[in-house]
Amino acid sequence: MSPIFKCLICRKDIERSTKTFWIKKGHLLCSTCLDTIDKNTEKNL
């Protein structure tokens, strides 16, 4: 079972691997926040 971390933006509990945590240096985001960022990035292009 993967550990539970907090999303950096909305503070929701998310389940990610420890390896992912270290690769991202603790900057983990939930899928909702990632989708929002992607949508805003596409608008600005």
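Refer to the structure above for everything that follows.
Positions within a chain are numbered from 1, following the residues in the order the chain's sequence is written. The predicted origin of the model limits local features to residues at a pLDDT of at least 70 and limits the giving and counting of side-chain atom pairs to 80 or more, whereas totals for whole chains, interfaces and linings rest on all residues. Side-chain calculation: all heavy atoms of the structure are included, whereas hydrogens and water are not.

## Section: the packing of aromatic side chains
What counts, and what does not: Here the aromatic set is Phe, Tyr and Trp, taking the six-membered ring for Trp, and pairing holds for ring centres within 6.5 Å; pairs whose planes are under 30 degrees apart are stacked, those over 60 apart are edge-to-face, and all others are tilted. Going along the chain from the N terminus, every DSSP run of H or I of four or more residues is numbered as a helix, and every run of E of two or more is numbered as a strand. Note on exposure labels: buried denotes an accessible area under 20% of the residue type's maximum, exposed denotes more than 50%, and partly exposed covers the range between, all computed with a 1.4 Å probe on protein chains only.
The tally for this structure, following the rule as stated, stands at two aromatic pairs. Taking the centre distance of 4.7 Å and the plane angle of 10° together, the rings of F5 and F21 count as stacked. Of this pair, F5 sits in strand β1 (residues 4-6) while F21 sits in helix α1 (residues 18-23), and the two are 16 residues apart along the sequence. Residue class for F5 comes out buried when judged on its relative accessible area of 18%. For F21, a relative accessible area of 22% corresponds to the partly exposed category. Taking the centre distance of 5.4 Å and the plane angle of 80° together, the rings of F21 and W22 count as edge-to-face.

## Things to note about a nonpolar patch on the surface
Under the convention used in this document: Each patch is built from residues that are more than 30% exposed by relative accessible area and take part in no salt bridge. Like charges join if they lie within 9 Å; nonpolar side chains (Val, Leu, Ile, Met, Phe, Trp, Tyr) join within 5 Å. All accessible-area figures derive from a Shrake-Rupley calculation using a 1.4 Å probe, and residue coverage is judged against the displayed protein chains alone. When a carboxyl oxygen of Asp or Glu lies within 4 Å of a side-chain nitrogen of Lys or Arg, that pair is called a salt bridge.
On the surface, a nonpolar cluster with roughly 270 Å² of combined accessible area is contributed by L8, I9 and I37. With respect to the element layout, L8 can be found in the loop between β1 and β2 (13-15). The exposure class assigned to L8 is partly exposed, which follows from its relative accessible area of 46%.

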